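Per-entry structural report
The primary structure of each chain is shown beneath.
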Amino acid sequence: MSELVLVVAVAATFFAAGIVKGVTGMGLPTVGMAVLGAMISPLAAAGLLIVPAVATNLWQLLSGPALGPLLRRLWPMMVAISAGTLAGAAWLASGHAHATTVLGLALAIYAAYTLCARQLRVPAAAEPWLSPLVGAITGIVTGTTGVSVMPAVPYLQALGLARDDLVQALGLSFTVSTIALAVGLGARGAVTADQLGLSLLALVPALAGMWAGQWLRGRIPAATFRRVFLICLLLLGSQMALRPLL
């Protein structure tokens, strides 16, 4: 793949990922890692995603109505996410040969679960011990694959939060995961100043895509878009997981 073609493909990927984020409120790192992981190494893809992911997630986090109460409720989960991500980042930073396979499995499991599973509910009595456990697992998955959706997203949905609070809680989880991943990779020399500069440039198509997604949100059924997105993610994740066997 020529350098020009790669640049165009990366810009198009961030634009498409921004559209998904604008429509659904999530999915920018998920789409980015899924598509970029087919063109470059998962480690390089994770480095490119840092600035767009942090910027869009901070916007989502700070635009909600209940940051203080969410922090008081979810801080054990956020601490565990940070610790798990810092530990798992060693695996991603090593450039492990099976990183793409693990990433594909994580994406396929997430898509299949979201498409098929019934909505769960977490009993209030279980939250004090379940939140840090889910956070630790999410952190390890994030550090290993660069994707922070599992199992944090279904867990937060199972808490029964109001819609705006749920969107803000997702923004909080994604922001913590992305910053911890950046710190973990940076501490191991896996993210350089040049990569951060390229990541900053990737913010432009990501924000343009997010604006387009917000425009689309009012014109197509969000449920239809979400279903098509998840089916595509399931197919792409399965292909990535099975690639070494093909």
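Above this text sits the structure in question.
About the thresholds
Residues numbered from 1 in each chain as written. Predicted model: local features only at pLDDT ≥ 70, side-chain atom pairs only at ≥ 80, totals over all residues. Heavy atoms only, no water. Helix = DSSP H or I, 4+ residues; strand = E, 2+ residues; numbered from the N terminus. Buried < 20%, exposed > 50% of the residue type's maximum accessible area, 1.4 Å probe, protein only. Polar contact = N/O pair within 3.5 Å; in protein donor to acceptor, adjacent residues only side chain to side chain. Contact = heavy atoms within 4.5 Å. Patch = residues over 30% accessible without salt bridge, like charges linked within 9 Å, V, L, I, M, F, W, Y side chains within 5 Å. Areas by Shrake-Rupley, 256 points an atom, 1.4 Å probe, with all protein chains shown as cover. Salt bridge = Lys/Arg side-chain N within 4 Å of Asp/Glu carboxyl O. Expected span 1.5 Å × (residues − 1). Axes fitted to C-alpha atoms, helices over the stretch in contact; angles between N-to-C directions. Parallel < 35°, antiparallel > 145°, perpendicular 65-115°, else oblique. Nonpolar A, V, L, I, M, F, W, Y, C, P; charged D, E, K, R; others polar. Left-handed = near helix turned anticlockwise from the far one by under 90°.

Description of the side chain of T144
Looking at the element boundaries, T144 is found in helix 6 (residues 127–145). Of the residues examined, T144 reaches a relative accessible area of 13% and is grouped as buried. Polar side-chain contacts of T144 include one of 2.7 Å to the backbone oxygen of I140. For T144, the residues in contact, after removing those within four places along its chain, are G88, W91, L92 and V102.

Concerning a nonpolar patch on the surface
Judged by side-chain polarity, L86, I179 and V183 come together as a nonpolar surface patch covering roughly 230 Å² of accessible area. Looking at where V183 falls in the secondary structure, it is placed in helix 8 (residues 163–187). Here V183 falls in the partly exposed class, since its relative accessible area comes to 48%.

Concerning helix 9 (residues 193–217)
Taking 1.5 Å of rise per residue, the 25 residues of helix 9 would be expected to cover 36 Å, and the 35 Å separating its terminal C-alpha atoms lies within 8% of that figure. Turning to helix 9, its buried residues are S199, A202, L203, P205, A206, G209, M210, A212 and G213.

Some remarks on the packing of helix 3 (residues 42–62) against helix 4 (residues 67–93)
Helix-helix packing is described using two parameters, namely the angle between the two axes and the distance between the axes. Packing of helix 3 against helix 4 leaves a shortest axis separation of 15 Å and a crossing angle of 175°. Looking at the two axes, helix 3 sits roughly antiparallel to helix 4. On helix 4, the residues touching P42, L43, A46, L61 and L62 of helix 3 are L67, L92 and A93. Looking at the contact of helix 3 with helix 4, its residues break down into 8 nonpolar, no polar and no charged.

Brief notes about the packing of helix 1 (residues 3–24) against helix 9
In the contact formed by helix 1 and helix 9, the axes pass within 6 Å of each other and the chain directions differ by 35°. Between helix 1 and helix 9 lies a crossing of right-handed hand. Between helix 1 and helix 9, the contacting residues are A11, F14, F15, G18, I19, K21, G22 and V23 on the first element and A202, P205, A206, A208, G209, M210, A212, G213, Q214, L216 and R217 on the second. In terms of residue class, the contact of helix 1 with helix 9 is made up of 12 nonpolar, 5 polar and 2 charged.

Digging into the side chain of Q60
Here Q60 shows up in helix 3. Classification of Q60 by relative accessible area gives buried; the value is 3%. Of note is the side chain of Q60, whose polar atom sits 2.8 Å from the backbone oxygen of V167. In this structure Q60 touches K21, G25, V167, Q168, L170 and G171, once residues within four positions along its chain are discounted.

Concerning the environment of A87
On the secondary structure map, A87 appears in helix 4. In the structure, A87 is positioned 93 residues away from A180 in sequence and 9.8 Å away in space, judged by C-alpha atoms.

Concerning the pattern of salt bridges
Counted by the stated rule, this structure contains 1 salt bridge. With its nearest N and O atoms 2.7 Å apart, the salt bridge here joins E127 to R73. With E127 in helix 6 and R73 in helix 4, this residue pair connects regions lying 54 residues apart in the sequence. On the accessibility criterion, E127 (11% relative accessible area) is buried.

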